[in-house]
Amino acid sequence: MQVSSLNEVKIYSLSCGKSLPEWLSDRKKRALQKKDVDVRRRIELIQDFEMPTVCTTIKVSKDGQYILATVVTFETLSDDYSKIVFLHNDRYIEFHSQSGFYYKTRIPKFGRDFSYHYPSCDLYFVGASSEVYRLNLEQGRYLNPLQTDAAENNVCDINSAHGLFATGTIEGRVECWDPRTRGRVGLLDCALSSVTADSEINSLPTISALKFNGALTMAVGTSTGQVLLYDLRSDKPLLVKDHQYGLPIKSLHFQDSLDLILSADSRIVKMWNKNSGKIFTSLEPEHDINDVCLYPNSGMLLTANETPKMGIYYIPVLGPAPRWCSFLDNLTEELEENPESTVYDDYKFVTKKDLENLGLAHLIGSPFLRAYMHGFFMDIRLYHKVKLMVNPFAYEEYRKDKIRQKIEETRAQRVQLKKLPKVNKELALKLIEEEEEKQKSTWKKKVKSLPNILTDDRFKVMFENPDFQVDEESEEFRLLNPLVSKISEKRKKKLRLLEQQELHEKEEEEEPEGKPSDAESSESSDDEKDWVEEVRKQRRLLHQEEKVKRQEQLREDRQTVLKPQFYEIKAGEEFRSFKDSATKQKLMNKTLEDRLKLEAKNGTLSISDTTVGSKQLTFTLKRSEQQKKQQEAEKLHRQERKTLRRSAGHLKSRHRRGRPFH
């Protein structure tokens with residue numbers, strides 16, 4: 001039994017494990033069972049669970065008591081195996097009852113799939129034809145076929161809720177028909193919907209699998225490895241999943257309790273959530289897959305492979321074990337996840353080229369060699385004897401390899417050469433030492449590891465760009481790191497040692513001798529000085545350095561001759577005094593209207609003199625030619641009006657007698 005796990009979902013392979021070669025005698029098999037505990041504990045869940053030839057379809061009866069497998073496909077018309085219909089690869093259809101063969105008929109073209117419509121007792125056959133053949137089991141005759149728009153049809157299925165019939169074509173479409181009216185009610189272009197930005201398709205996708213679930217859900221598999229999930233009320237898929245292998249989807253199943261969809265191609269079985277599309281788990285058998293079947297109401301999965309032996313897998317999270325093997329629930333709790341060991345330990349697999357190198361090509365066809373795949377099995381004792389005769393110094397070479405491995409292991413325990421960056425070497429060495437101390441602490445107790453700055457790409461520039469070099473002579477650095485002088489001296493010695501190791505990197509030398517333990521202890525005692533005294537010492541040094549700098553600055557000032565400096569004022573700017581520079585900067589950020597209002601409010605529009613001789617000047621804006629002409633015209637017009645104006649004093653009315661005029 002083999003155990004695999006993905007996303008914390010365990011899958012138990014009940015058909016995998018130690019398998020005995022068929023050519024072993026019964027005596028040898030009994031000897032292996034006595035000697036090998038794993039062979040003795042091997043689980044044979046179903047005895048002789050294999051076919052004489054390779055099978056392409058596997059199903060379980062509705063009552064869960066029988067497992068059936070055939071070459072093309074079949075359908076159980078009853079709850080058990082008492083009524084079965086088989087579709088052969090020679091266009092024949094066979095009806096079997098519980099007693100055996102019952103009737104045989106033929107369809108016009110080669111069939112690929114069929115479905116049974118229970119309400120009307122009709123069998124729908126699809127294949128290498130554009131027609132869907134209908135055989136009525138109640139009347140015992142063929143009915144008029146359904147004419148599709150496809151050249152050929154690959155798969156079909158009937159919805160158990162409302163009886164909708166769907167067929168998948170080689171053009172990548174799905175046609176839906178109503179059996180009551182025998183008319184097409186829908187058409188889905190799955191080939192176009194399966195092509196996404198990430199998919200790589202070299203040919204036209206055809207429909208290779210089809211499955212209904214409930215009244216409104218349908219899953220479609222294509223020949224290029226895509227699975228499309230549809231809601232029948234929409235022509236756009238809800239989800240598109242790609243198997244990434246480019247192989248045809250061979251089987252689709254729904255697991256309702258966990259809302260899962262099982263899709264299988266020849267290499268892998270994927271189980272994913274039909275709502276979110278997230279992968280639940282996957283299974284990769286050792287042989288290519290032809291078909292997959294879920295055992296009803298359980299966590300058992302059956303596969304029909306490209307070998308006569310079929311696969312049995314148990315996934316506890318999908319459901320319990322079937323009633324006839326309920327002991328699996330208790331057995332899986334005791335199993336350990338050990339890698340599968342081979343039972344061919346007493347035999348050596350060799351190719352024809354290996355036999356020629358050993359001089360044993362003449363044994364081909366003799367009982368000493370058993371043909372298997374592209375080579376042969378031979379007794380391991382015979383192999384070792386012949387190899388020792390051909391190469392008598394093989395043991396010496398093996399011994400030298402072992403010694404070389406031991407030497408490399410001891411070298412790995414030495415202090416490894418640290419390649420420091422070009423910038424901030426001392427900081428990098430400090431980080432390396434801190435990382436080594438963290439590793440030592442993790443050996444004693446579990447400490448949560450934090451990311452290292454040296455390996456973090458976000459801080460890569462700090463060790464490459466010289467602009468990020470730490471200035472150890474700055475006041476801030478020396479005050480924040482009072483012990484840096486002593487520590488840096490010790491670290492600089494290490495840097496010199498590492499530089500020497502880099503010079504002799506390509507040569508094999510012994511580990512450089514370190515310092516005596518007494519010197520190291522003396523250095524560690526020197527580093528343990530009082531922190532306060534070191535801070536005071538650094539402050540005194542800083543004050544002395546500042547005093548020296550001030551004296552040098554005064555000496556330079558005495559030697560220099562002061563010269564007047566002139567500054568140019570930009571056009572449109574004002575200058576009053578140096579005191580108003582900050583106010584002027586604020587005013588320049590405002591609009592002209594706001595500046596005029598502010599100056600009028602502050603009374604700065606009047607002409608005034610300052611101590612530095614600034615003047616307040618007024619100016620007029622430059623007008624365009626059109627504005628000048630308009631201004632001249634207005635001026636002339638006003639002058640003409642003045643000359644033509646007459647006095648209106650004589651028009652004043654006098655007081656008259658009589659009634660006023662209204």
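The chain carries the name Nucleolar protein 10 in an unreviewed UniProt entry, which gives Puma concolor as its organism. Checking UniProt for the chain, the heading Sequence similarities (unreviewed entry) contains the comment "Belongs to the WD repeat NOL10/ENP2 family." Recorded in UniProt under Subcellular location (unreviewed entry), the annotation for the chain is "Nucleus, Nucleolus".

Engineer: Sorry, what's going on with the nonpolar core here?
Structural biologist: Nonpolar side chains tend to gather and get buried jointly when the protein is soluble and globular. With 19 residues, the main nonpolar core has L14, I58, M300, L302 and L328 as its most contacted residues. Every element with two or more residues in this core is listed here: β3 (57-60), β26 (300-305) and β27 (311-314). The biggest single contributor to this core is β26, with three residues. V269, I289, Y313 and I315 belong to the second-largest nonpolar core, a separate cluster that totals 15 residues.

Engineer: I tried to follow the pairing of strand β15 (residues 173-178) on my own but got confused; where do I start?
Structural biologist: Along any regular strand, the residues point their side chains to alternate faces of the sheet. The element β15 is extensively covered by neighbouring structure, given that five of its six residues are classed as buried. Relative to β15, strand β14 (residues 165-169) is paired through four bridges, and the arrangement is antiparallel. Counterpart to A166 in the pairing with β15 is C176. As consecutive antiparallel partners, β14 and β15 are separated by three residues, and within that stretch G172 has a phi angle of approximately 85 degrees, a positive value. With six bridges connecting them, β15 and strand β16 (residues 183-189) associate as antiparallel partners. When the sheet's bridge partners are listed, R173 is paired in β16 with D189. Connecting β15 to the next strand, β16, in antiparallel fashion are four residues, including R182 with a positive phi near 55 degrees.

Cut-offs applied
Residues numbered from 1 in each chain as written. Predicted model: local features only at pLDDT ≥ 70, side-chain atom pairs only at ≥ 80, totals over all residues. Heavy atoms only, no water. UniProt positions renumbered as here; feature names shortened; annotations may be inferred. Core = buried A, V, L, I, M, F, W, Y, C linked by side-chain atoms within 4.5 Å. Buried < 20%, exposed > 50% of the residue type's maximum accessible area, 1.4 Å probe, protein only. Helix = DSSP H or I, 4+ residues; strand = E, 2+ residues; numbered from the N terminus. Pairing = 2+ DSSP bridges.

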